[in-house]
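What follows is the residue order along each chain.
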Amino acid sequence: MKDRLDALRGPVPPLAHDARAIAALAANPGCARRAVLDAAGVDKELTARHVGFPAPFGRSRFAITRGDAFEAQVKESGCAELLRLLREVLHLPIPEVAYHDVSDVGAHLRHSHTRRLIDRAARDDGDAGTFYDHPLFALEIAGHTSYLEPDVIAFRLGGRFHVVEIKSFPVIDGQADPVKVAAAARQAAVYVLALRELLRELGHDPMRASHEVVLVCPENFANKPVAALLDVRRELAVLRRQLARMARVEDLVASLPEELTFDLARDASGIPTRPAAELADALGAVAARYAPECMSACDLCFFCRDEARACGSTDLLGRHVRDQLGGVATVSEALALAEGAREPADGQDEIARLLRYAGELRAECLEGLELEGAR
Amino acid sequence: MSALAALARLRAVREGRAQRLTTVRHCHVSDRPMVFVPFQLAGEAAAPLAAMVGTDPGSPRLLVVPQPRDRDLRFAFAAELAEVVLPYVEGFGKVTETVERRNADPYERCLDAPQLVLPNRQGVAFTGLLGRSTRFRRPDGPFPVHPSVPVLGRWLTFFAERASYPGSSLTLAATDALAMHWASGQSDLEDANLAALMGWIDPPPGRTGLQAAEEAEDPLLWPPAGPATDPGFDNEVLAPAIEAYAEAPTAAAVERIRQAVRSQAEPAWRLTWRALELLRALPAGGSVAQRWDYDRGAFTDFLTRTAEGAPPQARRDGAVSAAARLARMERARASFDAQRAYDDPLVMAEYRLTGEAFAGNVVATEPEHTEGEGRSRKLRPLVTVATADPVRLAPGTTLGTPDRRGQEAEVVEVEGGTVTIKITKGMGRGKTPAPGAVPEVGERVCYTSVTDDFQAAAALPEPEMTPWTHGGPPPEYVPTDEDAGEEWS
Ligand code: SF4
């Protein structure tokens, strides 16, 4: 299996997924294309660019600077500020904490270093707290290990671990953008899961990693951080379900043509030389399930949207419309049903009747308007 | 999303052009709106970067914060914005009318009200944040600001709050207003991009909606309509310009930033005005004026309170006022939905499709049908309507009709393709119906269970009686020095 995935990717190391990418897996669980590419560790961003559909996910320097500055501020002097916040939200008397920066060691060692530290921490149930900054977790995704570099901190006190996530979106008068909070919760759930897996592997009780994560954000319009506990049980359940489904990527891969590869054929300086059309064909060999939500979640979104347009898919119009259409796959098919130009297939009677009647009602109501030439 | 709207989107795909979702316009479009296109610095909570604002499409005012992280410059921006916004808003206070009321004293209401128009919903949210970050400031004390700043903050807060009030037109987000009236051939997520949505509705000559929408996604051709800027613009144009200003804050450095942000704001400015033009061209629905009356009332009220020195809006509602607000919003939502259906056959069609309304021709009537005996004998005309609609209404359901708004009716029987109804209200006291009060055989009618009933507000305690389970009575809001001096970094 591993060989097969390596062949799909080509002779480059697999791309490490960050938690954002893993959390996004759950955003479109039904997409085989994404499942295969991610399982193989293909660089989707570069792939999308090479086939002429670069992803629209630029980041502003200002946002990056601001995010880094905020994080640095929270972590300053061995996380002094963070400690203050944790005392508040966890209601714990924390006299003192130790601080370990896992990134002190080389990247290749970070994972084993993280393991060792967490193992030692799990055995020690003294009441001094410990921060672990820049841990490197591993998570089995589709039978394939992905390394996670969380921009988070694991915090241990007594026998419990908490994941601490630092985000730079503001909490204003106790309220934050729900979309951003939800995204943060999804990401944090990935870390909790990875931490639990690690504890399990090491023979400890995985539930020692709490489902309550600490979210740290700037408060109001100042840079002062504020912390809140976020319960990510629901996100964990979704993620687990999704990973279980992805574990079956083998079946997907097995059904793909033997010679299929997404190899970019990079030259010595890393520039892809694979003919773009050939690469696009290779992508097309794995079924996608485009949804407009891809536009904020997946590097291949423009490519897949273009493909969906080319086949006139109703997926383009979003889930609301799709739900209304009861699964009719293409725009022309739906219109043909609405206009009575096509006999409904089995199970389509209801939707055909509805669409036809909708068409009649529209015609009845717009009759006068079209005459006036109003659009 | 209804099947009708879904069908409209399918048609839009095929025709390459947006399709109408309504036959009339359901929002008010002012003769003199103020368009406000704000931009914020990426990564910051509410750091204004620039704004294009004004009432004349031909001469916008461009306000710029050359160093968005500089607190003083931000307040200077707020004061400048106040210079534009406040005279516009307060100007509407000058002309009033006297509104007579039954069982209550007459009151004064402004003859017209301001209308703030933003390119999109995010712009509205940013307006709220700007309001939040300025309304508690004070002209005196340890952190003085220009006296107009806190007043501006209150107004921006007011506009942002009105935006979420169903049926209110004091604040419009162009994308939302357009999407209420047109179905594009893309998803509602993509409709949030003003240029793309406008591409579908109003493509340039020779282009399909799809082509126009695709072009609209290129930030070089169509910069985002704010408040977020394009990251590419930030990195390649704005950042170096701000750095140059930081090194030498000269007039030339400021001008460079102005040029840069003007290039980003101008397309959105033009699009927003064009959106208003398109909306204005639609005939207004029957209830639009009435809702605008209500808006004028809300505006007058806030203007008066502000003039009387009321404190700024609290940071958060107490439990009772939050519940009252929610109840008000729900009523407004129900009422707005019903009014749109009554004003617009195409909106009513959605209820016909789901069986909550039906239309058809009258096939039989019994105009002098009565119920009860003696003194309590009442006229209850029966009307039988033949309809092809899939009616799903149980006998006894209360009905209203757009054709005779004062009347109420009740379902008597639904049988095959006919519905018999009984008119229960609005028949007067006579023994025979007034001419025209009962539809005649052959007349086309429409009845629906969707009604715009005024329902008495749920009984909520006064704020000072908030039960302890809901946090007890909220402390009266008194602005503090701390509020006034809150960091804005
Ligand atoms: S963009 Fe394409 S590959 Fe990515 S999740 Fe969507 S459909 Fe799948």
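Attention in this report is confined to the structure presented alongside it. Throughout, residues of each chain are indexed from 1 in the direction in which the sequence is written. Throughout, the order in which chains and ligands are written sets their labels, letters from A for the former and numbers from 1 for the latter. Per-residue local features of the predicted model are confined to residues with pLDDT of at least 70, and side-chain atom pairs are confined, for both listing and counting, to 80 or more; whole-chain, interface and lining totals are unaffected and use all residues. Note: side-chain values were computed over all heavy atoms of the structure, leaving out hydrogens and water.

1. Some points on the overall build of chain A
Our working rule: Think of it this way: any DSSP run of H or I at least four residues long counts as a helix, any run of E at least two long counts as a strand, and we number them from the N terminus. Partly exposed residues are those whose accessible area sits between 20% and 50% of the maximum for their type, while under 20% is buried and over 50% is exposed, using a 1.4 Å probe and protein chains only. In what follows, residue pairs with any heavy atoms lying within 4.5 Å of each other are defined as contacts. Each accessible area is a Shrake-Rupley result for a 1.4 Å probe, and residues are judged covered by the shown protein chains and nothing else. For the purpose of counting charges, residues Lys and Arg are taken to be positive, whereas Asp and Glu are taken to be negative. His and the chain ends are not included. For this purpose, a charge sits on NZ of Lys, CZ of Arg, CG of Asp or CD of Glu.
Of regular secondary structure, chain A possesses 14 helices and eight strands. Its C-alpha atoms put chain A at 80 × 50 × 40 Å along the principal axes. Put simply, chain A has 375 residues, and 51% of those count as buried. A sequence separation of at least 24 residues applies to 66% of the contacts in chain A between residues at least 6 apart. Accessible area for chain A stands at about 17,000 Å²; split by element, carbon and sulfur atoms hold 52% of it. Across chain A, the centroid of the 46 positively charged side chains sits 3 Å from that of the 57 negatively charged ones.

2. Description of the packing of aromatic side chains
All names here are of chain B. This is how the line gets drawn: Any two of the Phe, Tyr and Trp rings considered here, Trp counted by its six-membered ring, make a pair once their centres fall within 6.5 Å; the pair's planes then place it as stacked at under 30 degrees, edge-to-face at over 60, or tilted in between. Each ring is checked for a lysine NZ or an arginine CZ that lies within 6 Å of its centre and within 35 degrees of its normal; such an atom marks a charge sitting over the ring.
Summed over all chains, the structure comprises 11 aromatic pairs over all chains. Their ring planes at 40 degrees and their centres at 6.1 Å tell us that Trp 155 and Phe 159 sit as a pair that is tilted. Residue Trp 155 and its partner Phe 159 are located together in helix α4 (residues 148-163), separated by four residues, close to a single helical turn. Considered together, Trp 155 and Phe 159 belong to a single accessibility category, that of buried residues. Their ring planes at 40 degrees and their centres at 5.5 Å tell us that Trp 155 and Phe 299 sit as a pair that is tilted. Residue Trp 155 is found in helix α4, and its partner Phe 299 is found in helix α10 (residues 288-307); the two are separated by 144 residues along the sequence. For the pair shown, Trp 155 and Phe 299 are each scored as buried. Taken together, the ring pairs connect Trp 155, Phe 158, Phe 159, Phe 299 and Phe 302 into an aromatic cluster. Looking at Arg 162, its charged tip hangs above the ring of Tyr 165, at a distance of 4.5 Å from the centre. The ring of Phe 336 carries Arg 340 above its face, with NZ or CZ at 4.6 Å from the centroid.

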